[in-house]
Amino acid sequence: MTSPTSGDERLLRILAISGSLRARSSNTSLLRLAMEVAPGDMGIVMYDGLASLPHFNPDDDVDAPPAPVLDLRARVGVADGLLFCSPEYAHGVPGSLKNALDWLVASVELPHKPVALLNASPWATHAQASLVETLTVMSTRIVHEACVTIPVARGDVAADGTIASAEIRQAVRAALDTFASAIR
């Protein structure tokens, strides 16, 4: 994370959540790029526990939910905003991401949390719309001006998962600047 640009500004804590479990996911690469190009008053951390969350079962959401669920909720709770980037599978959000959201439905950490959505594919419109609908029902505050589609082709992602395209970098930074302004 970077340091605030001045002593008066508090570092915005953003939790980035990729809906993909793939090792060379363009969605995860886009979020890693966001971590790299974030404004100086914004620190972005990647949530890496999506695959370890148990299947949602309301019977397990009792006094002491499973440890991975408590960890997710704690991370969401301390975040000033959430940044999602998700692929689309069969016109929907991947089950692993929906599972994470299901664990947050009854939590106190998510309501009114500012949210921005990055979309790495111009064809992934159904998943994006589904994610907006789900997050709206969950009472988040979607910052629509910071929700952008930034096409990332396979050739844009290097073998190490980085994205060097100046155009993509600028588009991500612009979205993050808008998101930071909306949160502040």
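All residue numbers here refer to positions counted from 1 along the written sequence of the relevant chain. Local features are withheld for residues below a pLDDT of 70 in this predicted model, meaning they are given only at 70 or higher, and side-chain atom pairs are given and counted only at 80 or more; totals for whole chains, interfaces and linings count all residues. Side-chain measures were taken over the full set of non-hydrogen atoms in the model, leaving aside hydrogen atoms and water.

This paragraph deals with the overall build of the chain. If you tally the helices and strands in the chain, you get 5 helices and 6 strands. Helices and strands in the chain line up, N terminus first, as β-α-β-α-β-α-β-α-β-β-α. For the chain, the C-alpha radius of gyration of 16 Å lies close to 16 Å, the compact-globule estimate for 184 residues. Oriented by its inertia axes, the alpha-carbon framework of the chain measures out at about 50 × 45 × 30 Å. Helix numbers and strand numbers start at the N terminus; a helix is a DSSP run of H or I with at least 4 residues, a strand a run of E with at least 2. Restricting the calculation to C-alpha atoms gives the radius of gyration, and the globule rule supplies 2.2 Å times the number of residues raised to the power 0.38.

Further remarks concern the packing of aromatic side chains. Ring pairs shown here join Phe, Tyr and Trp side chains whose ring centres sit within 6.5 Å, with only the six-membered ring taken for Trp; geometry is labelled stacked below 30 degrees between planes, edge-to-face above 60, and tilted in between. A complete count under the given rule lists 1 aromatic pair for this structure. Here the aromatic rings of Phe 56 and Trp 103 are separated by 5.0 Å at their centres, their planes lie at 85 degrees, and the arrangement is edge-to-face. On the criterion of sequence distance, the pair formed by Phe 56 in the loop between β2 (42-46) and α2 (67-78) and Trp 103 in helix α3 (residues 95-104) is long-range, its members being 47 residues apart. A relative accessible area of 0% means that Trp 103 is categorised as buried. The cut-offs for exposure are 20% and 50% of the maximum accessible area for each residue type, with area from a 1.4 Å probe on protein chains only; residues under the lower value are buried, those over the upper are exposed, and the others partly exposed.

The rule for a disulfide is simple: a pair of cysteine sulfur atoms within 2.5 Å. Throughout the structure, instances matching the rule amount to 0 disulfides. Sulfur of Cys 85: no disulfide; nearest cysteine sulfur belongs to Cys 147 and is 11 Å away.

Considering the arrangement of structural elements, one finds Arg 75 in helix α2. For Arg 75, a relative accessible area of 29% translates into the label partly exposed. In this structure, the C-alpha to C-alpha distance between Arg 75 and Ala 127, residues 52 residues apart in sequence, is 24 Å.

This is a description of form; function is not addressed.
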